[in-house]
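# Geometric and topological summary
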Amino acid sequence: MEFRFVAPELRRLDRLRCEAAALPYFAEERPFRGARGLLDWRLHGRLARLRSQGRLTGAAGEGLLLPARRRTSFDKLFLFGLGSREGFDEVAAQTAGARMLDTLEAARVRV
């Protein structure tokens, strides 16, 4: 599996040619900012709606997969909750990173 990190700029996100994007987020991130905010805008507020419906909370261990192709240059958008920013430490970062990798591998995301 190959990873690329992209600056949170709409132009750069639009140029991505890949199967999936994976974005972590903290529980208290309201409104979404950076790449998440740009993708929420591109998806016509879908992330904000899911958040307001309580279906996207940012709790540690939370994961959500959304189809994204019609509005983005990639097929799938994976979102991973990190929990509270205050409780996020090295152990939480390692756990979240491993979970993200395991999820992408289990979903058989192609290079």
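Preceding this section is the structure that the text describes.
Right, let's walk through the structure included here. (Residues numbered from 1 in each chain as written. Predicted model: local features only at pLDDT ≥ 70, side-chain atom pairs only at ≥ 80, totals over all residues. Heavy atoms only, no water.)

## Some words on the nonpolar core
Counting 18 residues, the largest nonpolar core has Leu47, Leu56, Phe74, Leu77 and Leu79 as the members making the most contacts within it. Elements supplying a minimum of two residues to this core: strand S1 (18-25), helix H2 (34-42), helix H3 (46-52) and strand S3 (74-81). Here this core takes four residues from S1, the largest share from any one element. Once you skip the residues sitting within four places of it in the chain, Leu56 turns out to touch Tyr25, Phe32, Leu47, Leu50, Arg51, Glu62, Leu64 and Leu79. (Core = buried A, V, L, I, M, F, W, Y, C linked by side-chain atoms within 4.5 Å. Buried < 20%, exposed > 50% of the residue type's maximum accessible area, 1.4 Å probe, protein only. Helix = DSSP H or I, 4+ residues; strand = E, 2+ residues; numbered from the N terminus. Contact = heavy atoms within 4.5 Å.)

## Details of the pairing of strand S2 (residues 63-67)
Where S2 meets S3, five bridges bridge the pair, whose relative direction is antiparallel. The residue bridging Leu65 from the neighbouring strand is Phe78, located in S3. Two successive antiparallel strands, S2 and S3, enclose a turn made up of six residues. (Pairing = 2+ DSSP bridges.)

## Some remarks on the sheet that holds S1
Within the open sheet, the three strands sit side by side as S1-S3-S2. Their pairing is mixed. One side of each edge strand has no neighbouring strand; the edge strands of this open sheet are S1 and S2. Direction aside, neighbouring strands of the sheet carry axes that sit 20° apart on average. The strands touched by helix H4 (residues 90-106) within the sheet are S1 and S3, with S3 carrying the most contacts at an inclination of about 150°. (Axes fitted to C-alpha atoms, helices over the stretch in contact; angles between N-to-C directions.)

## Here's the deal with the pattern of salt bridges
Within this structure, the stated rule accounts for five salt bridges. Glu9 is the salt-bridge partner of Arg12, the closest N and O atoms lying 3.3 Å from each other. Of the residues examined, Arg12 reaches a relative accessible area of 42% and is grouped as partly exposed. The shortest N-O distance in the salt bridge between Glu19 and Lys76 comes to 2.3 Å. Of this pair, Glu19 sits in strand S1 while Lys76 sits in strand S3, and the two are 57 residues apart along the sequence. Using a relative accessible area of 24% as the deciding quantity, one classes Lys76 as partly exposed. (Salt bridge = Lys/Arg side-chain N within 4 Å of Asp/Glu carboxyl O.)

Read these as geometric descriptors, not functional statements.
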